[in-house]
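Survey of secondary and tertiary structure
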Amino acid sequence: MRRRLLAGMVAVALAGTLTACGTSSDSDSAGGDSGSVDKVKVGVIPIIDVAPIYLGQKQGFFSKRNIELTMEAGQGGAAIVPGVVSGQFQFGFSNWTSLMIAQTKNVPIKAVAAGVASTGVQAKDFGAVVVKGDSAIKTAADLAGKKVSVNTLKNIGDTVTRESVRKAGGDPAKIEFVEMPFPNMPAALDGGQVDAAWVVEPTLTAIKAAGGREVASTFVDAAPNLSVAAYFASTELIGKDPDLVKRFTEAINESLAYADANPDAVRTILADYTKIDEKNRAALVLPKWPAEINTASVETLAKLGEQDGIFSGTPDLEKLLP
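On a predicted model such as this, the values are computed, not experimentally measured, just so you know.

Analysis parameters
- Residues numbered from 1 in each chain as written.
- Predicted model: local features only at pLDDT ≥ 70, side-chain atom pairs only at ≥ 80, totals over all residues.
- Heavy atoms only, no water.
- Helix = DSSP H or I, 4+ residues; strand = E, 2+ residues; numbered from the N terminus.
- Buried < 20%, exposed > 50% of the residue type's maximum accessible area, 1.4 Å probe, protein only.
- Areas by Shrake-Rupley, 256 points an atom, 1.4 Å probe, with all protein chains shown as cover.
- Core = buried A, V, L, I, M, F, W, Y, C linked by side-chain atoms within 4.5 Å.
- Contact = heavy atoms within 4.5 Å.
- Pairing = 2+ DSSP bridges.
- Axes fitted to C-alpha atoms, helices over the stretch in contact; angles between N-to-C directions.
- Parallel < 35°, antiparallel > 145°, perpendicular 65-115°, else oblique.
- Phe/Tyr/Trp six-rings, centres within 6.5 Å; stacked < 30°, edge-to-face > 60°.
- Polar contact = N/O pair within 3.5 Å; in protein donor to acceptor, adjacent residues only side chain to side chain.

On to the overall build of the protein chain, then. Of the regular secondary structure elements, the protein chain holds 15 helices and 10 strands. When burial is assessed residue by residue, the protein chain has 54% of its 322 residues classed as buried. Roughly 12800 Å² of accessible area belongs to the protein chain as shown, and the carbon and sulfur atoms make up 50% of that amount.

Structure representation (structure tokens):
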């Protein structure tokens with residue numbers, strides 16, 4: 001959800017490759033009626049957020065709908081949007097800000113299902129701004145004039161961090177954002193290269209375990225029960241194979257509900273596709289996985305992103321939301 005999507009999308013647009021968005025050549029799109037099986041690839045990043053799709057695969061939610069599911073990690077998040085548009089993936093997972101960036105660049109995609117959401121609870125969410133234990137930064141307002149690391153510039157991390165600072169009475173325009181991968185942030189924070197870090201799990205738990213402090217629950221500050229990400233498809237696939245999209249969406253929705261109701265199963269499945277050890281898996285703050293997209297919260301993200309200059313135009317959510 002969270003890597004260099006913008007550069008990838010610009011490259012795709014410039015190359016003129018936003019075509020041929022149907023199922024891949026090894027996919028049988030007649031699976032719903034004939035009983036044959038659709039081979040479906042989903043572009044994901046191996047993070048906690050996508051645990052439901054792995055659980056759904058294991059529980060048979062996709063196979064009972066004649067979908068043979070394969071998850072593929074894009075080469076960074078930048079590969080997922082163009083991968084979906086080109087037909088490399090039939091579906092993908094991305095945060096809402098990245099999807100809105102794509103939409104404002106006329107990339108032909110549309111969300112088909114919810115992905116992951118904030119817990120809505122201050123200091124008990126899966127994303128936050130953290131500082132060293134002895135930092136002079138006490139509240140989000142103190143981040144003004146400081147260096148704050150985010151995994152991708154001009155994306156959801158700096159949007160929600162600015163809103164936390166704004167709500168705390170600070171000046172969000174004075175934050176200096178520094179781009180770096182999440183795994184590099186603990187050392188950068190400890191070594192003083194940055195004053196604070198915007199992180200998500202499992203980096204959040206790792207920094208807290210090392211003595212760090214949370215100063216802002218940024219997803220919670222941005223909007224109540226914020227919808228953070230979604231599963232999406234190309235508009236071409238949605239038009240050409242609505243039955244496959246319907247079956248995939250039904251399977252994802254069942255998977256989301258299962259994950260939300262079975263946190264122990266989520267922690268167990270993480271061992272299958274991440275490198276998070278057992279001790280850290282037990283300590284993680286898990287997100288929520290509602291089957292419904294909180295449309296109002298997505299509208300808020302759009303307004304905040306436009307206010308802060310994230311988008312090249314105004315996102316058309318009617319084209320992007322299911």
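After that view of the structure, there is still more to cover.
Let's shift gears to the nonpolar core. Counting 100 residues, the largest nonpolar core has Ile53, Phe91, Trp96, Tyr231 and Phe248 as its most contacted members. The element contributing the most residues to this core is helix α11 (residues 242-261), with 7 residues. Beyond its immediate chain neighbours, meaning those up to four positions away, Trp96 contacts Ala111, Ser227, Val228, Ala229, Ala230, Ile293, Val298, Leu301, Leu320 and Leu321.

Across the sheet, which stays open at both edges, the 5 strands sit in the order β7-β6-β8-β5-β9 with mixed pairing between neighbours. Unpaired on one side and paired on the other, β7 (176-179) and β9 (213-216) mark the two borders of the sheet. Averaged over all pairs of adjacent strands, the angle between strand axes in this sheet comes to 35°, irrespective of strand direction. Here strand β5 (residues 127-131) runs beside strand β8 (residues 196-200); their pairing, made up of 4 bridges, is antiparallel. Bridging from a neighbouring strand, Val130 pairs with Ala197 of β8. Those strands touched by helix α6 (residues 156-167) are β5, β6 (147-150), β7, β8 and β9, and its axis lies near 120° from that of β8.

At a closest axis distance of 10 Å, the pairing of α6 and helix α14 (residues 295-307) adopts a crossing angle of 90°. When the interaxial angle is binned, α6 and α14 end up roughly perpendicular. Counted together, Ile156, Thr159, Val160, Glu163 and Arg166 of α6 and Leu301, Leu304, Gly305 and Gln307 of α14 form the full contact between these two elements.

Turning to helix α3 (residues 51-59), a few remarks are in order. Listed as buried for α3 are Ala51, Pro52, Ile53, Tyr54, Leu55 and Gly56. At its buried positions, α3 is contacted by β1 (38-44), β2 (67-73), β10 (227-234), α11 and α12 (263-273). Gly60, located one to two residues past α3, shows a positive phi value of around 85°.

The next subject is the packing of aromatic side chains. Within this structure, the stated rule accounts for 9 aromatic pairs. Ring geometry for Phe61 and Tyr258: centres 5.8 Å apart, planes at 70°, overall edge-to-face. Linking Phe61 in the loop between α3 and β2 with Tyr258 in helix α11, this pair joins segments that are 197 residues apart in sequence. For Phe61, a relative accessible area of 8% translates into the label buried. In this structure an aromatic cluster arises from ring pairing among Phe62, Phe91, Phe93, Tyr231 and Phe248.

Within helix α5 (residues 96-104), 9 of the 9 residues are buried, which leaves it mostly tucked inside the rest of the structure. By the N-cap criterion, in which a side-chain oxygen at the helix start approaches the backbone nitrogen of a residue two or three places on, α5 is capped by Asn95, the distance to Thr97 being 2.9 Å. Directly beyond the C-terminal end of α5, a positive phi value near 65° is found at Asn106.

Residue placement: Gln90 occurs in the loop between α4 (80-86) and β3 (91-95). The buried category is assigned to Gln90, whose relative accessible area is 1%. Polar side-chain contacts of Gln90 include one of 2.8 Å to the backbone nitrogen of Lys41.

Let us look at the environment of Gly43. As for its placement among the helices and strands, Gly43 is situated in strand β1. Here Gly43 falls in the buried class, since its relative accessible area comes to 0%. For the pair Gly43 and Ala73, spaced 30 residues apart in sequence, the C-alpha separation works out to 5.7 Å. Leave out the neighbours within four places in its chain, and Gly43 touches Glu72, Ile80, Phe89, Phe91, Gly92 and Phe93.

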